[in-house]
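Here are the chains, one letter per residue:
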Amino acid sequence: MRHLFSLLLLAAAGYAQPIVAPTPERAGDAKGEDLAGYNVVNSIETGYRFRNVDGNLGKYRSDVNFGNGIRVLGSYLTINSKKPGSGKLFDEIVLSTQGLGNDPYQFSSLRVQKDKIYRFDSVWRWMDYFNPALTIADGQHAINTTRQLQDHDLVILPQSRFRLLLGYSRNHQDGPAFSTIQFPDGRGDEFTYLWNVRRTRNEYRLGTEFEVLKTKFHVLHGWEYFKDDTRAPLFSPGAGANPNDTATLSQFRRDEPSHGQAPYWRIGIHNEAFKTFTFDGRFTHTAGQRNFVVDELAIGTGRFSAAQNRQLFVGGNARRPVTTGNVTLSWFPVERLTITNHTALYNTRMEGDGSYGEFANGVAGLSFLNFQYLGIRTFSNLTDANLKLTPWLGVYSGYHFSERRIGSSEFEDIDPPTRLERTEQTNRLHSGLLGLRLQPVKQLRLSVDGELGRADRPFYTTSEKDYHTVAARAQWKTKRWSLLGRYQTNYNLNSNSLFVHSARTRLASIDGTFTPKPFLTLEGGYGHTHIETVTGLAYFSLGELIENDRSLYRSRLRQTRIGAQFNLARRADLYFGYHRIQDAARLGRSLMDQAFPLTYETPLARFSVQLHKKLRWNFGWQYYNYKEQFLALQDYTAQTGYTSLSWSF
Amino acid sequence: MAPVIRVWGLLLFSSLLYAQAKDPFIGSQACRACHLTQTQEFFRNAHTKAERGCESCHGPGRAHVTAGGKKDLIIAFSALSPQKSLDNCLQCHSKDWSRNNVRRSSHTQAEVVCSNCHSVHKAATPKHLLANQQKDLCYGCHTDVKAQFSMPFKHRVNEGTVQCADCHNPHGAPSPTWRMGQRPRMQQHAQANEQSCVQCHADKRGPFLFEHAALRVDGCGSCHAPHGSANPRLLNRPVVFTLCLECHNGAPGFGRQGQGIPLQSGSHNMADPRYQNCTTCHVKIHGSNADARFLR
């Protein structure tokens, strides 16, 4: 039991790029206390988090973003009725929170339920993002927004054959950002302007689940409302990005509200009336629509210092209804064999029309209608068989087929649009899967899988065409040891005419955990992921069309992690960890030879001691060291840490 | 009269005794005698609502109790084959919309079934009864994904505000509505049938008058590496222009008309750093309502 407890604690603390706080150890008795027919377990961790950054603060904020200040680092509360169903208003409350008050990543999850009457689930998330966008758009598209996500779901009569489902979700993004505009025309200089991002999505759900003659039905209707009221208020941008361009932009304003709704239906049927056969049907339809306006004003001077004013107005709407139908049949002819067949149909048409009007001084007004259509219809049929030959040997195989038809209508010329071009193309993909699973002894599990796919006409040069995947996995697990080794390779070759796209990914990793003593757990892991892609390119350089160049991208990710967890006299816990990720690819020698060598390491240590049955003191420290060869200006080192008290009432 | 009643009473009592002896279920009280650890904290468990208590999952227990705890007379999940373990849980849990593709999911094919991720008696999370924190369960096997989430730019999974299940359905999903409808296999669908990305990034959902077809045809993954990237916009390449040029190269056979994805115009000079940041001008790259070239 003690081993398991240590393992769980360690796993909670030491995986991936760990975050030092909140402390995984909780204050108070894990068994809780009895109170008025309920059992209560609770722990609240309140403390001070500090940070010290040396180097690029913007990059630190985009990667980590923890700051200074007091906060509720974490809290946990469960209230359960001692006798199932005996609670008056509720039988269970589960509440957990993280980072409330000051952290850039705040989270709370609540469940309240009364047996047989209702179950309410709620998740609230708040994220503070800062993104300087240094290596994209010339650093001009920085954003500093917060995003708040809420999901609330209520199930009435959760254990009965008839259930009522109600739900509400909200997603709100808010904050300043920078974007760019060309002036006086599309070939003009780029000017940065301030953008107030304000987007809200509300979704309401109403549905039911019921059972008739061993057939289960799910019917849900949702209403999604979205509004984007992002606007650029009247602003006086500074100089353009191009020092050789003499155009100026003295005033700029843009309003571009886009409001719309996407009502949708989900209908599901599940039947398992027969012992050797189950049926699942699924139908969905979403009717998406957006109404939009773009109202833009730009005043400045052109390349030859002449006054330039431009006003632009666009209005219209766009529609995208999406319909899917899925049928899954599962057949169990004998106990050891499962055969499934999944048929899916997906159909969507995207179309929109808008009127475009542009007025500029010295130029005749430009006015035209835009229309565009893109339709996609995909049919898939996927058959898989899973056979357990012996208790220690199993195989599975599958054959998957899909056909996708893309039809479109778009104007051949734009500004203004002239001739509408209608096109259609079809792509078929056949793929086969084969897998083997072995368990020669209870502690050891081995598996090998492969997939081979062939498509005849992919849409993009980088899409999957002739691909294969091979993967192997070995896991050894005992009470003290857990070892996992893994290897996988993915290869895709997409060639057409003289152009070739080839992508290869190989990854291998080994991870292990060892618990030699009940008070000590050690863990470590190493993994590498190699990615190589080659793609034929054509582009213009100094007015000349370059047709035979290639884009190369190489990544050599190496991840190392070690950790040790000590439990001292059952009163204190100490954790040390070190995590390093490195892209060891060599920096490219030419413009189209891409690699991004970087090193990112984070050692951390955490100490937690029980001062009293209901009180713990915690202290933690974490160091971040980021280095890249691409743009050394982005490097930073940071120390973050915290001290906190975990208490239980 | 009295002897008649006595005879009927005797008959009724003996038939009750017989019926009880034949009833293979014995009730959860009997389990407590031996399995104290599992039962004393069970009032917190969602399965406490199950009609037959312990025997709802472990099957009838009378024979097991009568035989003094013989292991093969009860359903012990540790001894079950993955397939049987799955079947047992699905007796109750098959009704949910999110689980109706569980039998053909990649997890089931790899013999990763309910008990590999969920722990009914030693759950680390009271909600969903997971054996560990969600991300750590997933990272346990998907070590490459773990490495990607250690990259400087990533979704905030390690920080606890984003969960793997926000985007993925570990119980199996229907065909994706993007790419060729085969892969990726375990993806959540936003609303009813959209890519999971637009659940949060609703502004990228559109519809737009001018759609960037790549989003709808091959999905957000055409350009983005959602788990982690060296690029601040989670792009598949460190800088943007190679990503764009890899498709926009006019290679014959591709695109809507089979004449290639449109090549950039001759006014672009890739030798000039100004043109290497495509999204400086093509700001509405996910779709635009005003400009077919996504300039505004």
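These remarks concern the structure in this document. (Residues numbered from 1 in each chain as written. Chains lettered and ligands numbered in written order. Predicted model: local features only at pLDDT ≥ 70, side-chain atom pairs only at ≥ 80, totals over all residues. Heavy atoms only, no water.)

### Here we look at the overall build of chain B
Let me state the cut-off plainly: Helical segments are the DSSP runs of H or I of at least four residues, strand segments are the runs of E of at least two, and each set is numbered from the N terminus. Radius of gyration here uses only the C-alpha atoms, and the compact-globule reference equals 2.2 Å multiplied by the residue count raised to the power 0.38. Classification of residues uses two cut-offs on accessible area relative to the type maximum, computed with a 1.4 Å probe and protein chains only: under 20% is buried, over 50% is exposed, and between them is partly exposed. To be clear on the numbers: accessible area is Shrake-Rupley with a 1.4 Å probe, and residue cover counts the displayed protein chains and nothing else.
A count of helices and strands for chain B gives 15 helices and four strands. Its C-alpha radius of gyration of 29 Å places chain B more than 25% over the 19 Å reference for a compact globule of 296 residues. The C-alpha extent of chain B, read off along each of the three principal axes, is 110 × 40 × 30 Å. When the 296 residues of chain B are sorted by exposure, 51% land in the buried category. Roughly 12500 Å² of accessible area belongs to chain B as shown, and the carbon and sulfur atoms make up 62% of that amount.

### Let's talk about a nonpolar patch on the surface
Residues and elements named next belong to chain A. For clarity, the cut-off: Only residues above 30% relative accessible area that lack a salt bridge enter a patch, with like-charged residues linked at up to 9 Å and the nonpolar side chains Val, Leu, Ile, Met, Phe, Trp and Tyr linked at up to 5 Å. Each salt bridge in this description consists of a side-chain nitrogen of Lys or Arg and a carboxyl oxygen of Asp or Glu lying within 4 Å of one another.
Among the surface-exposed residues, Tyr48, Phe50, Ile70, Leu611, Trp617, Phe619, Leu645, Trp647 and Phe649 lie close enough to one another that they form a single nonpolar patch of about 870 Å² accessible area. The set of elements that each furnish at least two residues to the nonpolar patch consists of strand 2 (38–55), strand 30 (615–628) and strand 31 (636–647). Here tyrosine 48 shows up in strand 2. Judged by its relative accessible area of 37%, tyrosine 48 is partly exposed.

### Observations regarding the interface of chain B and chain A
To keep things clear, this is the line we draw: Here a residue-residue contact requires only that any non-hydrogen atoms of the pair lie within 4.5 Å. Two parts placed together each lose some accessible area under a 1.4 Å probe, and adding up what both lose gives the buried area. Within 3.5 Å is the distance limit for a polar contact, defined as a pair of N or O atoms, with the added protein rule that one can donate a hydrogen and the other accept it, and that residues adjacent in sequence qualify only through two side-chain atoms. When residue character is reported, Ala, Val, Leu, Ile, Met, Phe, Trp, Tyr, Cys and Pro are called nonpolar, Asp, Glu, Lys and Arg charged, and the others, Gly included, polar.
Each partner contributes residues to the interface: chain B has 132 residues there, and chain A has 207 residues. Together chain B and chain A conceal approximately 14700 Å² of surface at their shared face, both sides included; 54% is due to carbon and sulfur atoms. When residues of chain B are sorted by the area they lose upon contact with chain A, B:Trp97, B:Met180 and B:Arg256 head the list and together hold 7% of the total. Here chain B and chain A share 19 salt bridges between them. A salt bridge links B:Lys127 to A:Asp121; the shortest N-O distance between them is 3.5 Å. Summed over the shared surface of chain B and chain A, the number is 72 residue pairs in polar contact (both at pLDDT 80 or more). A total of six residues in the side of chain B that touches chain A trace back to one element, the largest contributor, which is helix 14 (residues 240–247) of chain B. Of the residues belonging to the side of chain B that touches chain A, the class tally is 47 nonpolar, 49 polar and 36 charged.

### Quick look at the side chain of B:Glu111
Residue placement: B:Glu111 occurs in the loop between helix 7 (106–109) and helix 8 (114–117). Each residue touching B:Glu111, except ones within four places of it in the same chain, is listed here: A:Lys388, A:Arg437, A:Arg445, B:Pro82 and B:Asn116.

### Considering the pattern of salt bridges
Under the definition given, this model contains 67 salt bridges over all chains. In this structure, the salt-bridge partner of A:Arg71 is A:Asp103, at a minimum N-O distance of 2.3 Å. Taken as a pair, A:Arg71 in strand 3 (residues 69–81) and A:Asp103 in the loop between strand 4 (92–100) and strand 5 (105–114) lie far apart in primary sequence, 32 residues in all. A salt bridge links A:Glu601 to A:Arg580; its shortest N-O distance comes to 3.5 Å. Placement of A:Glu601 in strand 29 (residues 598–612) and of A:Arg580 in strand 27 (residues 572–583) is noted, with a sequence separation of 21 residues between them. Judged by its relative accessible area of 17%, A:Glu601 falls in the buried class. Members of the salt-bridge network, linked through shared partners, are A:Arg254, A:Glu256, A:Glu296, A:Arg310, B:Lys284 and B:Arg296.

### What to know about the nonpolar core
Where we set the bar: In this description, a nonpolar core means a group of buried Ala, Val, Leu, Ile, Met, Phe, Trp, Tyr and Cys residues linked to one another through side-chain atoms lying within 4.5 Å.
In this structure, A:Val64, A:Leu598, A:Tyr600, A:Tyr624 and A:Tyr636 are the most contacted members of the largest nonpolar core, which totals 26 residues. Contributions of two or more residues to this core are made by strand 6 (118–131), strand 29, strand 30 and strand 31 of chain A together with helix 10 (143–148) of chain B. Discounting chain neighbours no more than four positions away, the residues touching A:Tyr624 are A:Ile19, A:Val64, A:Tyr600, A:Glu601, A:Thr602, A:Tyr636, A:Thr637, A:Ala638 and A:Thr640. Listed in part, the 13 residues of the second largest apolar core include A:Ile376, A:Tyr460, B:Val217 and B:Ile261.

### A short note on helix 14 of chain B
The element helix 14 of chain B is largely enclosed, with a buried count of seven among its eight residues. Those residues of helix 14 of chain B hidden inside the fold are in contact with strand 25 (520–541), strand 26 (544–568) and strand 28 (593–595) of chain A together with helix 15 (278–281) of chain B.

### Examining the pairing of strand 13 (residues 258–261) of chain A
Residue and element names in this part refer to chain A. Filter applied, for reference: Pairing between strands requires that DSSP locate at least two bridges from one strand to the other.
Burial along strand 13 is one-sided: Ser258 and Gly260 are buried, and none of His259 and Gln261, which face the opposite way, are. One ladder, built from four bridges, connects strand 10 (residues 215–228) with strand 13; its direction is antiparallel. What sits directly across from aspartate 228, in strand 13, is serine 258. Where strand 13 and strand 15 (residues 277–301) come together, four bridges link them in antiparallel fashion. Across the sheet, the residue bridging to histidine 259 is asparagine 291, located in strand 15.

### Description of the packing of aromatic side chains
Heads up, the condition is: Two rings from Phe, Tyr or Trp (for Trp, the six-membered ring) form a pair when their centres sit within 6.5 Å of each other. Planes less than 30 degrees apart are called stacked, planes more than 60 degrees apart edge-to-face, and all others tilted. Distance and angle both matter: a charge sits over a ring if NZ of Lys or CZ of Arg is within 6 Å of the ring centre and within 35 degrees of the ring normal.
Applying the stated criterion across every chain, the model contains 17 aromatic pairs over all chains. Between A:Tyr193 and A:Phe252, the aromatic rings sit 4.7 Å apart at their centres with planes inclined by 50°, giving tilted as the arrangement. Placement of A:Tyr193 in strand 9 (residues 189–212) and of A:Phe252 in strand 12 (residues 248–255) is noted, with a sequence separation of 59 residues between them. Since its relative accessible area comes to 0%, A:Phe252 is described here as buried. Three or more aromatic residues joined by ring pairs make a cluster, and in this case those are A:Tyr60, A:Tyr600, A:Tyr624, A:Tyr626 and A:Tyr636. The ring of B:Phe25 carries the charged tip of B:Arg52 above its face, separated from the ring centre by 3.8 Å.

### Comments concerning the pairing of strand 10 of chain A
Residues and elements named next belong to chain A. Direction of pairing for strand 9 relative to strand 10: antiparallel, over a ladder of 14 bridges. Bridged to asparagine 202 within strand 10 is tyrosine 225. Pairing between strand 10 and strand 14 (residues 264–274): eight bridges, direction antiparallel. Within the sheet, the bridge partner assigned to threonine 215 lies in strand 14 and is asparagine 271.

### Some words on the environment of A:Arg561
Of note, A:Arg561 is situated in strand 26. Spatially, the C-alpha atom of A:Arg561 lies 39 Å from that of A:Val197, the residues being 364 residues apart in sequence.

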